[in-house]
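What follows is the residue order along each chain.
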2 protein chains.
Amino acid sequence: MNQELYDYYQAYKQKTNAYALALSTMSFDQATIAPKNGTSYSNQLMAVLSTEAFIHASNPESIKKIEQLANEDIDDLLKKELSLLLKELHDNKDVPTDVFSEFTLATNEAGTAWSDAIDNQDYITFIPYLERVINAVKKQLKYHPNKKECAYNILLDRFEPGMNMDKYDAFFEQVKESLIPLIHQIIDADKKIDESILNQSFDIKSQEVFMNELCEYMRVNRDECYISTTQHPFTSFFSGNDVRITTHYYEKNLLSAIFSTIHEYGHALFGLQIDDAFEGTSLSNAIGFAMHESQSRFLENHIGKSKAFWEPNLAKLKANFPSLESLDIDTFMELVNVSKPSLVRTEADELTYPLHVIIRYELEKEMFENETIDYLQLNEKWNQKYKEYLGVTPSHDGEGILQDMHWSSAYFGYFPTYALGSAYAAQFYHTMSQRLDVDSILKNNEFEKIATWLKDNIHHHGASKTTEEILFEVTHEEFNPMYYITYLQDKFKTLYKL
Amino acid sequence: MNQELYDYYQAYKQKTNAYALALSTMSFDQATIAPKNGTSYSNQLMAVLSTEAFIHASNPESIKKIEQLANEDIDDLLKKELSLLLKELHDNKDVPTDVFSEFTLATNEAGTAWSDAIDNQDYITFIPYLERVINAVKKQLKYHPNKKECAYNILLDRFEPGMNMDKYDAFFEQVKESLIPLIHQIIDADKKIDESILNQSFDIKSQEVFMNELCEYMRVNRDECYISTTQHPFTSFFSGNDVRITTHYYEKNLLSAIFSTIHEYGHALFGLQIDDAFEGTSLSNAIGFAMHESQSRFLENHIGKSKAFWEPNLAKLKANFPSLESLDIDTFMELVNVSKPSLVRTEADELTYPLHVIIRYELEKEMFENETIDYLQLNEKWNQKYKEYLGVTPSHDGEGILQDMHWSSAYFGYFPTYALGSAYAAQFYHTMSQRLDVDSILKNNEFEKIATWLKDNIHHHGASKTTEEILFEVTHEEFNPMYYITYLQDKFKTLYKL
């Protein structure tokens with residue numbers, strides 16, 4: 001191997017990582033604590049820095065040297081690292097700097113505008129920002145190596161390599177076909193879950209105290225995982241030893257913070273358990289989004305919503321909220337798993353959740369398959385689909401089309417990975433439950449055994465293996481959505497005595 | 001004016017500002033919330049980014065163009081802006097990149113090491129880091145345009161332009177001569193202030209509630225000023241509309257958080273009240289540190305420790321701490337202004353404070369005037385000086401030589417500005433009190449009038465005028481330390497009935 005090329009690449013990577021860490025830190029700062037009046041200045045400068053990062057990363061001389069290094073006699077891991085990096089670089093290498101800058105500025109400004117728009121439940125004022133973002137994405141895609149491919153397929157592949165509309169259409173058809181009838185059966189079922197005990201105020205300080213206890217149970221290490229609050233929970237990966245998650249507390253909704261935190265910690269755990277040797281390389285950050293989501297959904301649903309998980313934790317919850325004293329575990333498990341069509345994706349139950357995703361997927365497809373978009377009709381279309389699939393209608397756009405930050409960040413093609421990840425999670429869980437006595441582990445306060453299994457089988461690989469490879473290695477099978485569908489059918493038919 | 005040069009300069013400045021904002025954000029993040037295990041990775045990358053910023057700023061072609069622009073027919077403000085920038089650039093322009101990188105890395109690592117060292121009260125393990133920082137500073141100074149000047153004079157001038165050892169020696173001699181005898185008179189005075197009422201626990205949540213009330217009184221606008229907590233309070237300037245301050249709460253020390261917050265808010269107010277037109281230019285950030293400190297000391301001591309300030313606020317304090325119910329305002333003013341030699345600078349009273357500064361100044365002089373430093377003796381020297389000037393001795397290095405973060409950050413020459421700033425504050429206050437009825441303003445809850453006076457007379461200028469110019473314009477006099485000395489003598493002789 002040519003040492004000079006290798007050293008060049010190391011320096012290149014350090015600089016890339018420095019920009020990335022700076023931008024992560026600035027974004028996290030903005031999302032959590034930054035005073036409002038400073039946003040416009042910092043948005044401008046974040047765009048400048050993103051442009052610098054882009055110029056650095058896409059420098060043709062660097063790309064050439066990285067290509068040369070990739071052709072040297074190097075070990076397989078480095079080969080994989082370089083190939084993931086080069087894929088990304090080749091995707092962007094023809095994008096002119098001004099097109100990239102416009103993209104960055106458009107998303108930064110849309111972020112702030114979205115935040116105001118949702119506060120004011122005002123979709124109309126958000127339209128010009130959304131339009132600017134979509135145009136910026138479309139313009140950027142004109143410089144993509146596969147520019148002849150449908151724009152939306154490029155975006156789908158970007159978030160989960162190998163995916164496209166055909167595959168998602170097939171998966172989503174199965175989901176719609178099997179789950180929409182079940183959702184409607186549940187609406188009409190005799191069995192009703194009485195949620196009245198949760199219709200009270202839960203002191204936020206007490207929620208925080210309980211969350212600390214739950215974090216201890218899950219072995220959250222605060223020396224590598226910082227937890228903050230934002231309206232929309234998210235996870236931000238600073239490094240293999242520094243992951244930030246956010247959650248949100250609602251006085252009127254006890255379960256929201258709990259499952260948001262467990263969900264985000266699923267992402268965090270993935271980031272923290274990647275092989276240390278991959279620090280700062282594409283092997284630690286080029287993970288498919290569906291793969292990542294499989295880990296958050298795994299923790300949230302398969303672990304966090306199981307009876308065994310709550311057996312050692314329900315007493316702690318009750319100790320913090322004496323008004324729940326009368327609650328027995330079976331009733332609590334019903335409350336945790338209640339299924340009811342609702343308006344807000346992040347608060348949706350496990351069964352109706354994929355329908356929220358499908359609605360967004362179908363709207364995005366339209367946005368990118370058509371030359372022009374009728375922005376003034378988009379919120380109406382949104383509402384119609386909610387009516388059609390879930391039988392509910394938003395009373396305002398704040399709980400309708402404005403609810404997610406994704407579009408303001410140009411994350412088109414991201415939503416479908418949420419449902420795909422849920423399906424991966426079910427397939428992984430099926431295997432894990434054959435190999436580990438999950439229930440006894442959870443009951444006996446041995447959460448570290450779950451974390452270790454996930455690390456050894458999934459997390460430590462980072463992006464050094466594809467989702468397909470990991471799925472096959474762990475489950476000895478290709479992706480099979482029936483694990484997901486059957487899991488949901490069994491669980492909810494039992495729960496609702498159907 | 002050559003438009004091309006001007007545009008070049010604007011783009012140059014934006015990039016400089018982007019790096020600066022990224023680094024401020026990352027430092028603030030590290031100081032406040034970053035999980036411990038991520039520090040080493042982020043230190044490395046911050047060093048990379050600082051180096052990039054340095055390479056960008058010191059690019060000879062850019063400097064040449066800025067020099068050309070400075071020689072064009074441009075308005076006075078732009079001339080001033082460029083001259084301040086060029087001074088800084090010329091200071092650094094011969095420093096090789098590797099010398100700069102080593103400096104950055106040394107300070108980043110020393111920051112983390114210092115934080116561990118103070119936790120463990122362990123000066124010995126900190127020595128190699130301190131040595132590395134001092135050597136890095138000395139090495140850098142070898143490339144300074146005035147390299148024939150004493151190293152320490154260069155550093156003093158860097159923190160407060162125009163200052164040098166001769167001037168500080170003269171000022172500090174006056175301080176020592178007038179104040180050391182007074183400090184000893186107070187130690188021996190018959191009048192003793194009974195502080196026992198403060199020797200109790202003060203609930204931290206209640207302290208926070210009171211602090212919010214105090215912030216309202218001071219018109220703190222949270223949309224431009226974020227307040228967090230750190231062991232060592234500081235202010236960080238993100239932009240003219242985004243300033244961050246930190247404070248610290250101690251259960252056993254009610255007054256500490258209060259006066260730390262007021263002090264830091266004095267800095268914040270300066271940053272927030274600079275003319276908006278100076279945003280992102282050297283006119284908003286090249287302010288002398290003594291000038292800046294004059295504003296924090298002004299708020300902390302001349303305003304925050306005055307009886308008129310507490311007349312509307314003491315009742316709120318008592319409402320949060322019923323155990324203080326019996327306290328009358330005159331007793332409280334004695335408690336707030338009690339003078340007693342102590343070990344920790346940031347907790348020192350107004351009268352003994354400059355002696356803490358002088359001790360550091362004398363040690364720094366030695367460090368930079370001598371080729372070699374006996375690091376193993378440095379903590380002993382520190383302790384001896386405390387004994388000599390203040391009659392107290394640290395019981396461990398955590399409350400001795402390790403107490404300040406300044407040396408780990410290479411802020412040599414910074415400390416003396418604290419005392420100089422206090423003296424400026426006294427001179428400013430003398431003038432303000434002749435022009436405004438400060439007492440009635442404070443009693444009548446009209447704090448905005450104080451803020452406005454400071455804005456109109458001092459803050460809005462930013463760095464567009466020198467400290468000398470501002471002092472003369474406002475007070476019609478050059479710097480005169482006797483305002484400070486007389487103020488302290490009058491105040492403390494009255495308090496202690498001497």
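These figures come from a predicted structure and were not determined experimentally. (Residues numbered from 1 in each chain as written. Chains lettered and ligands numbered in written order. Predicted model: local features only at pLDDT ≥ 70, side-chain atom pairs only at ≥ 80, totals over all residues. Heavy atoms only, no water.)

Side note on the packing of helix 16 (residues 353-369) of chain A against helix 17 (residues 375-390) of chain A
Residues and elements named next belong to chain A.
Alright, step 1. Remark: helix 16 packs on helix 17, axes separated minimally by 10 Å, with the N-to-C direction vectors making an angle of 145 degrees. The two elements helix 16 and helix 17 meet at a crossing, and its hand is right-handed. Residues Leu355, His356, Ile358, Ile359, Arg360, Glu362, Leu363, Glu366 and Met367 of helix 16 form the contact with helix 17, whose participating residues are Leu378, Lys381, Trp382, Lys385, Tyr386, Tyr389 and Leu390.
Alright, step 2. Partitioning the contact of helix 16 with helix 17 into residue classes produces 10 nonpolar, 1 polar and 5 charged. (Axes fitted to C-alpha atoms, helices over the stretch in contact; angles between N-to-C directions. Helix = DSSP H or I, 4+ residues; strand = E, 2+ residues; numbered from the N terminus. Left-handed = near helix turned anticlockwise from the far one by under 90°. Contact = heavy atoms within 4.5 Å. Nonpolar A, V, L, I, M, F, W, Y, C, P; charged D, E, K, R; others polar.)

Some details on the relation of the copies chain A and chain B
Alright, step 1. Here chain A sits on chain B after a turn of 180 degrees about the axis and a move of 0.0 Å along it, with an RMSD of 0.0 Å. Classification of the inter-copy transformation places it as that of a two-fold axis. It is Ala22 of chain A whose C-alpha, among those of chain A, lies nearest the rotation axis, at 2.8 Å.
Alright, step 2. In this assembly, 100% of the residues forming the interface of chain A have copies in chain B that are likewise at the interface, indicating an isologous arrangement. (Least-squares fit on C-alpha atoms with pLDDT ≥ 70 in both.)

Focus: the pairing of strand 3 (residues 242-247) of chain A
Residue and element names in this part refer to chain A.
Alright, step 1. Within strand 3, 6 of the 6 residues are buried, which leaves it mostly tucked inside the rest of the structure.
Alright, step 2. Of the strand pairs in this sheet, strand 1 (residues 225-229) and strand 3 are connected by 5 bridges, and their pairing is parallel. When the bridges of strand 3 are listed, Ile227 appears paired with Ile245.
Alright, step 3. In this structure, strand 2 (residues 235-239) lies alongside strand 3, joined through 4 bridges in antiparallel fashion. Of the residues in strand 3, the one forming a bridge with Phe237 is Val243.
Alright, step 4. What sits between the antiparallel neighbours strand 2 and strand 3 is a turn of 2 residues. (Buried < 20%, exposed > 50% of the residue type's maximum accessible area, 1.4 Å probe, protein only. Pairing = 2+ DSSP bridges.)

Side note on the sheet that holds strand 3 of chain A
All names here are of chain A.
Alright, step 1. In space, the 3 strands of this open sheet follow the order 1-3-2, with mixed pairing throughout. In the strand order of this sheet, the two ends are held by strand 1 and strand 2, each with one partner. The mean inter-strand angle of the sheet, taken between neighbouring strand axes irrespective of direction, is 20 degrees.
Alright, step 2. Running over the sheet, helix 10 (residues 254-273) touches strand 1, strand 2 and strand 3 and is turned about 165 degrees from strand 3.

Comments concerning the pattern of salt bridges
All names here are of chain A.
Alright, step 1. For the coordinates displayed, the defined rule picks out 53 salt bridges over all chains.
Alright, step 2. With a closest N to O distance of 3.0 Å, Lys307 and Asp330 form a salt bridge. Pair noted here: Lys307 is in helix 13 (residues 307-310) and Asp330 is in helix 15 (residues 329-337), with a separation of 23 residues, a long-range link.
Alright, step 3. Connected via shared salt-bridge partners are Glu173, Lys176, Glu362 and Lys385. (Salt bridge = Lys/Arg side-chain N within 4 Å of Asp/Glu carboxyl O.)

Things to note about helix 6 (residues 123-141) of chain B
All names here are of chain B.
Alright, step 1. Relative to the 27 Å expected for 19 residues at 1.5 Å per residue, helix 6 spans 26 Å between its end C-alpha atoms, a close match to the ideal helical length.
Alright, step 2. Along its length, helix 6 shows its largest kink, about 25 degrees, at Tyr129.
Alright, step 3. Against the buried residues of helix 6 lie helix 5 (97-120), helix 7 (151-159), helix 16 (353-369) and helix 17 (375-390).
Alright, step 4. Sitting at the head of helix 6, Asp122 places a side-chain oxygen 3.3 Å from the backbone nitrogen of Ile124. (Expected span 1.5 Å × (residues − 1). Bend = angle between axes of the 7 residues up to and from the residue. Polar contact = N/O pair within 3.5 Å; in protein donor to acceptor, adjacent residues only side chain to side chain.)

A word on the sheet that holds strand 2 (residues 235-239) of chain B
Residues and elements named next belong to chain B.
Alright, step 1. With respect to topology, 3 strands assemble into an open sheet ordered 1-3-2, the strand pairing being mixed. One side of each edge strand has no neighbouring strand; the edge strands of this open sheet are strand 1 (225-229) and strand 2. Averaged over all pairs of adjacent strands, the angle between their axes in this sheet comes to 20 degrees, without regard to strand direction.

Some remarks on the environment of Glu208 of chain A
Alright, step 1. Considering the arrangement of structural elements, one finds Glu208 of chain A in helix 9 (residues 204-217).
Alright, step 2. Residues Glu208 of chain A and Ile258 of chain A lie 50 residues apart in sequence; the distance between their C-alpha atoms is 9.6 Å.

Some points on the interface of chain A and chain B
Alright, step 1. Between chain A and chain B, the contact holds 39 residues from the first and 39 residues from the second.
Alright, step 2. Taking both sides of the interface into account, the surface hidden between chain A and chain B amounts to around 3300 Å²; carbon and sulfur atoms contribute 65%.
Alright, step 3. Linking chain A to chain B there are 4 salt bridges.
Alright, step 4. Between Glu52 of chain A and Lys15 of chain B there is a salt bridge, and its shortest N-O distance comes to 3.2 Å.
Alright, step 5. Taken together, the connections running from chain A to chain B amount to 11 residue pairs in polar contact (both at pLDDT 80 or more).
Alright, step 6. Ranked by the residues each element gives to the side of chain A that touches chain B, the list is headed by helix 1 (residues 3-32) of chain A, at 11 residues.
Alright, step 7. A per-class count over the side of chain A that touches chain B returns 17 nonpolar, 11 polar and 11 charged. (Buried area = accessible area lost by both parts, 1.4 Å probe.)

Things to note about the side chain of Gln273 of chain B
Alright, step 1. Counting through the fold element by element, Gln273 of chain B comes out in helix 10 (residues 254-273).
Alright, step 2. The residues touching Gln273 of chain B, leaving out its near neighbours within four places in the chain, are Ala451, Leu454, Lys455, His459 and His460 of chain B.

As for unusual backbone geometry
Alright, step 1. Its identity is not glycine, yet Lys497 of chain A carries a phi of approximately 50 degrees, on the positive side.
Alright, step 2. Within the secondary structure, Lys497 of chain A sits in the segment after helix 22 (482-495).
Alright, step 3. Its identity as a non-glycine residue notwithstanding, Arg219 of chain B has a phi of 60 degrees, on the positive side.
Alright, step 4. Tracing the backbone shows Arg219 of chain B in the loop between helix 9 (204-217) and strand 1.
Alright, step 5. Taking relative accessible area as the criterion, Arg219 of chain B reaches 34% and is therefore assigned partly exposed.

Things to note about the nonpolar core
Alright, step 1. Membership of the largest hydrophobic core comes to 138 residues, with the highest contact counts inside it found for Ile258, Tyr265, Ile303, Trp310, Leu317, Phe412 and Phe447 of chain B.
Alright, step 2. Dropping the residues within four chain positions of it, Tyr265 of chain B is found in contact with Met218, Arg219, Val220, Cys225, Ile245, Leu299 and Phe447 of chain B. (Core = buried A, V, L, I, M, F, W, Y, C linked by side-chain atoms within 4.5 Å.)

Examining the domain arrangement of chain A
Many structure descriptions define interface size as the accessible area lost when the parts assemble.
All names here are of chain A.
Alright, step 1. Splitting chain A by domain gives domain 1 (3-148) and domain 2 (165-495).
Alright, step 2. A straight line from the C-alpha centre of domain 1 to that of domain 2 covers 27 Å.
Alright, step 3. Facing 33 residues of domain 1, the contacting portion of domain 2 comprises 43 residues.
Alright, step 4. Carbon and sulfur atoms supply 72% of the area that domain 1 and domain 2 bury against each other, a total of about 3100 Å² over both sides.
Alright, step 5. Summed over the shared surface of domain 1 and domain 2, the number is 0 salt bridges.
Alright, step 6. For the interface between domain 1 and domain 2, the tally reads 8 residue pairs in polar contact (both at pLDDT 80 or more). (Domains from an automatic or database assignment.)

Comments concerning the environment of Asn212 of chain A
Residues and elements named next belong to chain A.
Alright, step 1. Mapped onto the elements of the fold, Asn212 is located in helix 9.
Alright, step 2. By relative accessible area, which is 39% here, Asn212 ends up partly exposed.
Alright, step 3. Remark: the alpha-carbon pair of Asn212 and Ile197, spanning 15 residues in sequence, is separated by 23 Å.
Alright, step 4. A distance of 2.9 Å separates a polar atom in the side chain of Asn212 from a polar atom in the side chain of Arg222.

Thoughts on the confidence of the model for chain A
Alright, step 1. The predicted model of chain A has a mean per-residue pLDDT of 96, with 100% of residues at 70 or higher.
Alright, step 2. The ipTM for the predicted assembly is 0.90, set against a pTM of 0.91. (pLDDT = per-residue confidence, 0-100.)

Observations regarding the packing of aromatic side chains
Alright, step 1. For the structure shown, the criterion picks out 70 aromatic pairs over all chains.
Alright, step 2. Ring plane angle 75 degrees and centroid distance 5.9 Å describe the contact between Phe28 of chain A and Phe234 of chain A, whose orientation is recorded as edge-to-face. With Phe28 of chain A in helix 1 and Phe234 of chain A in the loop between strand 1 and strand 2, this residue pair connects regions lying 206 residues apart in the sequence.
Alright, step 3. A centroid spacing of 5.8 Å and a plane angle of 55 degrees characterise the contact between Phe298 of chain B and Tyr429 of chain B, whose relative ring orientation is tilted. Here the residue Phe298 of chain B occupies a position in helix 12 (residues 289-303), and Tyr429 of chain B occupies one in helix 18 (residues 415-435), the gap between them amounting to 131 residues.
Alright, step 4. Over the ring of Phe238 of chain A we find Arg244 of chain A, and its NZ or CZ is 3.8 Å from the ring centre.
Alright, step 5. In this structure, Arg297 of chain A packs its charged tip against the face of Tyr353 of chain A, placed 3.8 Å from the ring centre. (Phe/Tyr/Trp six-rings, centres within 6.5 Å; stacked < 30°, edge-to-face > 60°. Lys NZ or Arg CZ within 6 Å of the ring centre and 35° of its normal.)

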